[in-house]
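In case you want the letters, here they are:
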Amino acid sequence: MKNIISAVVAVVCIIVGGVAGNFLKGGSGGHETAGKAEAKPAEGGGHGAKEEHGKKEDHGSADKGGHGAEKKSGHGAKAESSGNAIYFKFTREFVIPVMKDSKVESLVILNLNLEADESISSSLFSMEPKIRDNIMTTLIELSNDGHTLVNISEVESYETIRTMVLMNLQKVIPHGIRNVLIVDIGKQNV
């Protein structure tokens, strides 16, 4: 219960921080903020209004267009997407055994967060067991390849973990997860 409350407080703080940052950014007169919902209908015309209208259509596809809209549009869409990101923190770390000759040689401990669209934040909380299962399956596969989790200090291994976990997560949740963030990683020899 204490972990759930902590996670909810963290998510609320992130959302409030994002809203406050967006509000402060809007006060500085930056043109990227014009892509936000409150400014879209007020655009009068000209070439900027046409671009904003296109972004609104991408955003209108809700769960389906979050990450794809960023690729289709220019740098203004990236600023818009980053304002709608949430960071999902798991309730506990992932502990993965690394086997050698049918014996546990070491344990790798990973603390992962997910960067996702705000529109799927509630579904992430309800799907945490399914998401954890998907990630653990991926990490067990990587522990059995004989290289990735054995050499966790190599940048290539770090990126392999991030890429494989993200790719397999997108099979379960096809839209909305932007990135897998490896917050902490450790290895304990047994």
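Scope of this entry: the structure provided in the associated data block. (Residues numbered from 1 in each chain as written. Predicted model: local features only at pLDDT ≥ 70, side-chain atom pairs only at ≥ 80, totals over all residues. Heavy atoms only, no water.)

### Let's talk about the pattern of salt bridges
Point 1. All told, the structure shown has two salt bridges when counted by the stated rule.
Point 2. Across the salt bridge formed by Arg178 and Asp117, the nearest N and O atoms sit 2.6 Å from each other. Within this pair, whereas Arg178 is found in strand 4 (residues 177-189), its partner Asp117 is found in strand 3 (residues 103-117), the two being separated by 61 residues in sequence.
Point 3. Using a relative accessible area of 5% as the deciding quantity, one classes Asp117 as buried.
Point 4. Notably, a salt bridge pairs Glu159 with Arg162, separated by 3.4 Å at the nearest N-O pair. (Salt bridge = Lys/Arg side-chain N within 4 Å of Asp/Glu carboxyl O. Helix = DSSP H or I, 4+ residues; strand = E, 2+ residues; numbered from the N terminus. Buried < 20%, exposed > 50% of the residue type's maximum accessible area, 1.4 Å probe, protein only.)

### Here we look at the nonpolar core
Point 1. Membership of the largest hydrophobic core comes to 27 residues, with the highest contact counts inside it found for Leu110, Ile135 and Leu139.
Point 2. Mapped onto this core, the elements with two or more residues apiece are strand 1 (85-89), strand 2 (94-100), strand 3, helix 6 (128-143), helix 7 (155-172) and strand 4.
Point 3. Examining the composition of this core, we find that five residues originate from one element, strand 3, more than from any other. (Core = buried A, V, L, I, M, F, W, Y, C linked by side-chain atoms within 4.5 Å.)

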